[in-house]
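# Close look at the chain arrangement
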Amino acid sequence: GENVEQHPSTLSVQEGDSAVIKCTYSDSASNYFPWYKQELGKRPQLIIDIRSNVGEKKDQRIAVTLNKTAKHFSLHITETQPEDSAVYFCAASTGGAAGNKLTFGGGTRVLVKP
Amino acid sequence: DSGVTQTPKHLITATGQRVTLRCSPRSGDLSVYWYQQSLDQGLQFLIQYYNGEERAKGNILERFSAQQFPDLHSELNLSSLELGDSALYFCASSVVPMGHSNTEAFFGQGTRLTVV
């Protein structure tokens, strides 16, 4: 089955700096790659997603890049703010007849220091 | 509010007992997924149902079972509970029908299970 690895497990950045989280996946059939943000004690919430027919997607301070050949994708957060502090999860899914269950990476705890 | 409702929010029970966690998906969503999140851990996929049928299974213990009812709500049954089963259990739902492109999965607020 699919295996998703996520690095780093913790990331501390100064407010205003950029944060980058990287994920690799194993199943070349995966075609959907969402990123979720989970604040302490709350539900995971989608912040951005990308499909396999797109190499990059941007939404304000957040961007995601996908390299299908290398089977890795990354989340970039620019101009970080204290409210960006949370745990971020990447995920991959194949969809189709196999179902679209999300396989998650282990998570990255991001701390933005004021 | 994601539109996915999980009950109860908190559950404390003793080892060896059995509990049932309930999930009501967003209106119109046919797929329901269950995930387990232990303390400071990631989201482990347990099982997926689509329109009443089991679609995918993860590392779900034999002591755990689930089902999705005709009204699309789902229940996760955990039996012979052990201390290690203490975790946050999330339900998520999505609208995507089989064979179509993936869409966003919406998570409920979770059920925090504590086994003592």
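Whatever comes next refers back to the structure up there.
These lines cover the structure that appears in this document, whether it is placed above or below. Note that the coordinates shown come from a computational prediction; the quantities given were computed from them, not determined experimentally.

## Looking at the overall build of chain A
When helices and strands are tallied, chain A shows zero helices and eleven strands. Counting from the amino terminus, chain A carries its helices and strands in the arrangement β-β-β-β-β-β-β-β-β-β-β. Against the globule reference of 13 Å for 114 residues, chain A gives a C-alpha radius of gyration of 14 Å, in line with a compact fold. In terms of overall dimensions, chain A has a C-alpha envelope of 45 × 30 × 20 Å along the principal axes. Sequence-distant contacts, at least 24 apart, represent 53% of the contacts inside chain A between residues at least 6 apart. Accessible surface, chain A as shown: approximately 5,500 Å² in total, 47% of it carbon and sulfur. The distance from the centre of the 13 positive side-chain charges to the centre of the 12 negative ones in chain A is 4 Å.

## Details of the nonpolar core
By size, the foremost hydrophobic cluster in this structure holds 23 residues, and its most contacted members are Ile21, Tyr25, Phe33, Trp35, Phe73, Leu75 and Tyr88 of chain A. With near-sequence residues (within four places) excluded, Phe73 of chain A lies in contact with Ile21, Lys22, Cys23, Tyr25, Phe33, Trp35, Thr65, Leu66, Cys90 and Ala91 of chain A. In terms of nonpolar packing, the next biggest core, distinct from the first, is built from 20 residues, Val19, Cys23, Leu46 and Tyr49 of chain B among them.

## Some thoughts on the pairing of strand S3 (residues 19-25) of chain A
Residue and element names in this part refer to chain A. Along S3, the buried face is formed by Ala19, Ile21, Cys23 and Tyr25; none of Val20, Lys22 and Thr24, which line the opposite face, is buried. In terms of strand pairing, strand S1 (residues 4-7) meets S3 through four bridges, oriented antiparallel. Residue Gln6 lies in a different strand from S3, and its bridge partner there is Cys23. Sheet topology places S3 next to strand S8 (residues 72-77); six bridges connect them, and they run antiparallel. Bridged to Cys23 within S8 is Phe73.

## So, the interface of chain B and chain A
Chain B puts 29 residues into the contact, and the matching count from chain A is 23 residues. Note on chain B versus chain A: buried area summed over both sides is about 1,900 Å², and carbon and sulfur give 51% of it. Counting the surface chain B buries against chain A, the share from its top three residues, Leu43, Asn102 and Phe107 of chain B, is 32%. Here chain B and chain A share zero salt bridges between them. Taken together, the elements giving at least two residues each to the side of chain B that touches chain A come down to strand S4 (31-37), strand S5 (44-50), strand S6 (53-57) and strand S9 (87-94) of chain B. Broken down by element, the residue count for the side of chain B that touches chain A peaks at four residues, all from S4 of chain B.

## Description of the environment of Gln67 of chain B
All names here are of chain B. Along the polypeptide, Gln67 turns up in strand S7 (residues 64-68). For the pair formed by Gln67 and Val32, sequence separation is 35 residues and the distance between their alpha carbons is 9.8 Å. Those residues in contact with Gln67 that lie beyond four places of it in its chain are Tyr49, His73, Ser74, Glu75 and Asn77.

## Brief notes about the sheet that holds S1 of chain A
All names here are of chain A. If you trace the five strands from one edge of the open sheet to the other, you get S1-S3-S8-S7-S6, paired in antiparallel fashion. Sheet topology places S1 and strand S6 (56-59) at the edges, where each strand pairs with a single neighbour. Neighbouring strand axes in the sheet, compared pairwise and without regard to direction, differ in orientation by 15° on average.

Conventions and cut-offs
- Residues numbered from 1 in each chain as written.
- Chains lettered and ligands numbered in written order.
- Predicted model: local features only at pLDDT ≥ 70, side-chain atom pairs only at ≥ 80, totals over all residues.
- Heavy atoms only, no water.
- Helix = DSSP H or I, 4+ residues; strand = E, 2+ residues; numbered from the N terminus.
- Rg over C-alpha atoms; globule rule 2.2 N^0.38 Å.
- Contact = heavy atoms within 4.5 Å.
- Areas by Shrake-Rupley, 256 points an atom, 1.4 Å probe, with all protein chains shown as cover.
- Lys, Arg positive; Asp, Glu negative; His and termini not counted.
- Charge placed at Lys NZ, Arg CZ, Asp CG, Glu CD.
- Core = buried A, V, L, I, M, F, W, Y, C linked by side-chain atoms within 4.5 Å.
- Buried < 20%, exposed > 50% of the residue type's maximum accessible area, 1.4 Å probe, protein only.
- Pairing = 2+ DSSP bridges.
- Buried area = accessible area lost by both parts, 1.4 Å probe.
- Salt bridge = Lys/Arg side-chain N within 4 Å of Asp/Glu carboxyl O.
- Axes fitted to C-alpha atoms, helices over the stretch in contact; angles between N-to-C directions.

Structural measurements only, silent on function.
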